[in-house]
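Here are the chains, one letter per residue:
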Amino acid sequence: MRTNLIRFFMFLMITSIAIPAAIPTAAAPGSKSTAATYADASAQYAPTAMECSMLSKINAYRKSKGLKALKLSKSLGAAAKNHSNEMASYNYASHTLLNGVTWSQNITNFGYPTNTFRGENIAAGNSGAIATLDQWKNSPSHNATMLNSNYTVIGIGRAVNSSSDNRWYWTTTFGGTVDRTVSC
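Just so you know, these numbers come straight off a predicted model, no measurement behind them.

**Student:** Help me out: how do you make sense of helix α4 (residues 74-90) in this one?
**Tutor:** Since one α-helical turn is 3.6 residues long, residues separated by three or four positions face the same way. Taking 1.5 Å of rise per residue, 17 residues should cover 24 Å, and α4 covers 24 Å from first to last C-alpha, within 8% of that figure. Counting buried residues in α4 gives 13 out of 17 residues, a clear majority hidden from the surface.

What follows is the structure in structure tokens.
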């Protein structure tokens, strides 16, 4: 019973509709604002070949279950890349960034709309898309996120740190509103 309750709350956390607080805009004199930095990162997001491979594999998996393909979102991609880079840099795996920013606030910070469906999957330890996708397929809550029919866009970020415990870190962020997209 306790295990099922924990899984239920994890599922709600990962796939809930989130309406986070506004993006912080204060910055030190002479520096770019935090909001401008996030906007720059979103505009510059370009998926790697392995991230494009993951998109292809997730969309093939969704298609096999009768679901529509996801488009790649620049803002969700930048948020996913940021999350993976931080986990790799600081050798941890969590849906919350070290400074306390939640996965949902991270998505908002990179410019993704708030009044829509959104979710996140993270994984650590596998360099390739197939092994990581298998990790998510074998986890009921992560699998449910990938197969949620409310999602229309995805962001994908992969990072590596050879001196960390898990070496490879993946983040996929999902949303229900198509915003600025990018092609693989």
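**Student:** Is there a simple way to explain the side chain of His-83 in this structure?
**Tutor:** Mapped onto the elements, His-83 comes out in helix α4. Residues within four places of His-83 in sequence aside, it is in contact with Ser-94, His-95, Thr-96, Leu-97, Trp-103, Asn-106, Glu-120, Ile-122 and Thr-171.

**Student:** Quick question: what am I supposed to make of the nonpolar core here?
**Tutor:** Soluble, globular proteins show a tendency: their nonpolar side chains are buried together. With 26 residues, the main nonpolar core has Met-54, Ile-58, Trp-136, Met-146, Ile-154, Ile-156 and Trp-170 as its most contacted residues. With four residues, the top contributor of residues to this core is helix α3 (residues 49-64). The residues contacting Trp-136, other than those within four sequence positions of it, are Met-54, Ile-58, Asn-121, Ile-122, Ala-123, His-142, Asn-143, Met-146, Trp-170 and Thr-172. Grouped together as the second largest cluster of nonpolar side chains are eight residues, Ala-88, Leu-97, Ile-122 and Ala-159 included.

**Student:** Teacher, can you tell me more about the state of the cysteines here?
**Tutor:** Note on terminology: disulfide describes a covalent bond linking the sulfur atoms of two cysteines. Applying the stated criterion across every chain yields a total of one disulfide. Two residues, Cys-52 and Cys-184, share a disulfide whose sulfurs are 2.2 Å apart. Judged by the sign of its S-S torsion, about -90°, the cystine formed by Cys-52 and Cys-184 is left-handed. One end of the pair, Cys-52, is in helix α3; the other, Cys-184, is in the segment after β5 (181-182), and 132 residues separate them in sequence.

Basis of the calculations
- Residues numbered from 1 in each chain as written.
- Predicted model: local features only at pLDDT ≥ 70, side-chain atom pairs only at ≥ 80, totals over all residues.
- Heavy atoms only, no water.
- Helix = DSSP H or I, 4+ residues; strand = E, 2+ residues; numbered from the N terminus.
- Expected span 1.5 Å × (residues − 1).
- Buried < 20%, exposed > 50% of the residue type's maximum accessible area, 1.4 Å probe, protein only.
- Contact = heavy atoms within 4.5 Å.
- Core = buried A, V, L, I, M, F, W, Y, C linked by side-chain atoms within 4.5 Å.
- Disulfide = S-S within 2.5 Å.

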